[in-house]
Amino acid sequence: MEALKATGVCHAYGRGGARVDVLKDFALELAPGAFEVLMGPSGSGKSTFLNMLIGGPSLLPTDLLRTTAVPSYLINGADEHGEGINLLGSAVRLAPDDIASLAHSADGSAELPLGSILSCIFIFTPRMPYSHIALLDTPGYSDAGSAGSSGHTDRDIAYRQLCGSDAILWFVPADHGTLQQDDITFLKSLPPDIPKALVVSKADKPQDRSELDDVVRAVRSALDSGGIRCGHIFV
């Protein structure tokens with residue numbers, strides 16, 4: 001029996017002749033008790049995917065100028081609000097408008113200095129249809145001093161989350177052309193026995209299918225050259 005099952009998930013950009021289907025009939029199943037992680041660079045599409053799973057307007061920040069700043073748990077709740085846990089372990093209630101501002105900005109600053117204030121955020125919403133599980137959105141894995149990194153470094157936060165996972169689904173933006181060296185270094189630092197699969201996100205960026213196929217081949221070549229064992233590459 002699955003704890004979470006999503007079938008027929010679709011997402012597209014544009015309309016009419018300019019419409020590009022970037023996800024079509026995507027399916028996902030998670031087993032009870034599983035801890036499975038979506039990971040990739042900042043802006044690779046992780047938050048967009050989670051927003052699609054809860055089937056409503058964007059709750060997590062997803063645009064190009066703002067990305068997730070601290071680990072954020074999506075939990076089923078009667079009313080929409082957040083609870084931030086500060087570094088002393090105390091809870092701070094957050095209104096929906098506060099949740100919308102919980103993001104890094106493009107220049108590397110944050111609208112709120114969350115990395116040095118909050119260790120994590122719990123977002124309660126009736127839009128989350130799964131009452132028995134939580135979805136976790138983490139920052140990308142930028143190093144300390146990089147644009148968009150937080151106080152305890154997003155790389156450290158991501159590493160701690162991934163090392164305890166049962167499986168990893170790694171997002172690679174198609175407009176990167178291949179797996180970047182930072183991605184390879186980070187993936188090689190993770191326990192090799194954790195199963196890994198890749199998703200080529202932002203599939204609307206290449207001009208045509210052949211260019212997208214070139215990206216997939218480049219990603220597979222980078223994995224092989226880096227000595228990283230990986231299962232399927234999803235597009």
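Residues numbered from 1 in each chain as written. Predicted model: local features only at pLDDT ≥ 70, side-chain atom pairs only at ≥ 80, totals over all residues. Heavy atoms only, no water.

So, about the sheet that holds strand β7 (residues 91–94). Reading across the sheet, the five strands line up as β7-β6-β9-β5-β10 and stay open at both edges, with mixed pairing between neighbours. Since the sheet does not close on itself, it has two edges, and those belong to β7 and β10 (135–137), each with one partner. Averaged over neighbouring strand pairs, the angle between their axes works out to 25 degrees when direction is ignored. Where strand β5 (residues 72–76) and strand β9 (residues 118–125) come together, five bridges link them in parallel fashion. (Pairing = 2+ DSSP bridges. Helix = DSSP H or I, 4+ residues; strand = E, 2+ residues; numbered from the N terminus. Axes fitted to C-alpha atoms, helices over the stretch in contact; angles between N-to-C directions.)

By the element assignment, Thr-125 lies in strand β9. Reaching out from Thr-125, the side chain makes a polar contact with the backbone nitrogen of Arg-127 at a distance of 3.0 Å. (Polar contact = N/O pair within 3.5 Å; in protein donor to acceptor, adjacent residues only side chain to side chain.)

With that settled, the discussion passes to the sheet that holds strand β12 (residues 196–201). Each strand in a sheet pairs with its neighbour through backbone hydrogen bonds, running either in the same direction (parallel) or in the opposite one (antiparallel). Pairing is parallel across the open sheet formed by four strands, whose spatial order is β3-β11-β12-β13. Of all strands in the sheet, those bounded by a partner on one side alone are β3 (36–39) and β13 (233–234). In terms of strand pairing, strand β11 (residues 167–173) meets β12 through six bridges, oriented parallel. Among the inter-strand pairings, Val-172 is bridged to a residue of β12, identified as Val-200. Sitting on the sheet, helix α1 (residues 46–53) touches β3 and β11, and the angle it makes with β3 is about 130 degrees. (Contact = heavy atoms within 4.5 Å.)

For the rest of this paragraph, the subject is the packing of aromatic side chains. For the structure on display, the rule yields two aromatic pairs. Pairing Tyr-73 with Phe-122 gives two aromatic rings, centres 5.0 Å apart and planes at 20 degrees, and the pair type is stacked. One end of the pair, Tyr-73, is in strand β5; the other, Phe-122, is in strand β9, with 49 residues separating them in the sequence. A relative accessible area of 23% means that Tyr-73 is categorised as partly exposed. Look at Phe-122 and you get partly exposed, because its relative accessible area is 26%. (Phe/Tyr/Trp six-rings, centres within 6.5 Å; stacked < 30°, edge-to-face > 60°. Buried < 20%, exposed > 50% of the residue type's maximum accessible area, 1.4 Å probe, protein only.)

A few words on the environment of Lys-46. Inspection of the secondary structure puts Lys-46 in helix α1. The class of Lys-46 is buried, set by a relative accessible area of 7%.

Glancing now at the confidence of the model for the protein chain. Looking at the protein chain, the pLDDT average stands at 75 and 71% of residues meet or exceed 70. Here strand β8 (residues 103–105) stands out as the least confident element of the protein chain, with mean pLDDT 49; helix α5 (residues 209–226) is the most confident, with 90. Here residues 104–111 scores under 50 on pLDDT; set against residues more than four positions off or in separate chains, the count is 20 contacts. Confidence drops under pLDDT 50 across residues 144–152; counting only partners more than four residues distant or on other chains, this segment forms 21 contacts. (pLDDT = per-residue confidence, 0-100.)

What follows deals with α5. Between its first and last C-alpha atoms α5 spans 26 Å; for 18 residues at 1.5 Å apiece the expected length is 26 Å, and the two agree. Restricting attention to buried positions, one finds in α5 the residues Leu-212, Val-215, Val-216, Val-219, Ala-222, Leu-223 and Gly-226. Along α5, the residues classed as buried sweep out an arc of 125 degrees about the axis, all on the same side. The outward face of α5, more than 90 degrees from its buried face, is lined by the exposed residues Arg-217, Asp-224 and Ser-225. Gly-227 lies just past α5 and shows a positive phi near 70 degrees. (Expected span 1.5 Å × (residues − 1). Arc of directions from axis to C-beta.)

Glancing now at the pairing of β11. Summarising burial for β11: seven of the seven residues are buried, a large majority. Of the two faces of β11, the one lined by Ala-167, Leu-169, Phe-171 and Pro-173 and the one lined by Ile-168, Trp-170 and Val-172 are each fully buried. Taken together, the four bridges between β3 and β11 define a ladder with parallel strand orientation. Bridging across to β11, Leu-38 finds its partner in Leu-169. What joins β11 to β12 is helix α4 (residues 181–189), and the crossover it makes is right-handed. (Right-handed = clockwise from strand over helix to strand, strands pointing away.)

Taken as a whole and judged by the stated rule, the model has four salt bridges. Two residues, Glu-80 and Arg-127, come together in a salt bridge whose shortest N-O distance is 2.9 Å. Within this pair, whereas Glu-80 is found in the loop between β5 and β6 (81–86), its partner Arg-127 is found in the loop between β9 and β10, the two being separated by 47 residues in sequence. Residue classification places Glu-80 among the partly exposed residues on the basis of a relative accessible area of 23%. Arg-127 sits in the partly exposed class, given a relative accessible area of 24%. (Salt bridge = Lys/Arg side-chain N within 4 Å of Asp/Glu carboxyl O.)

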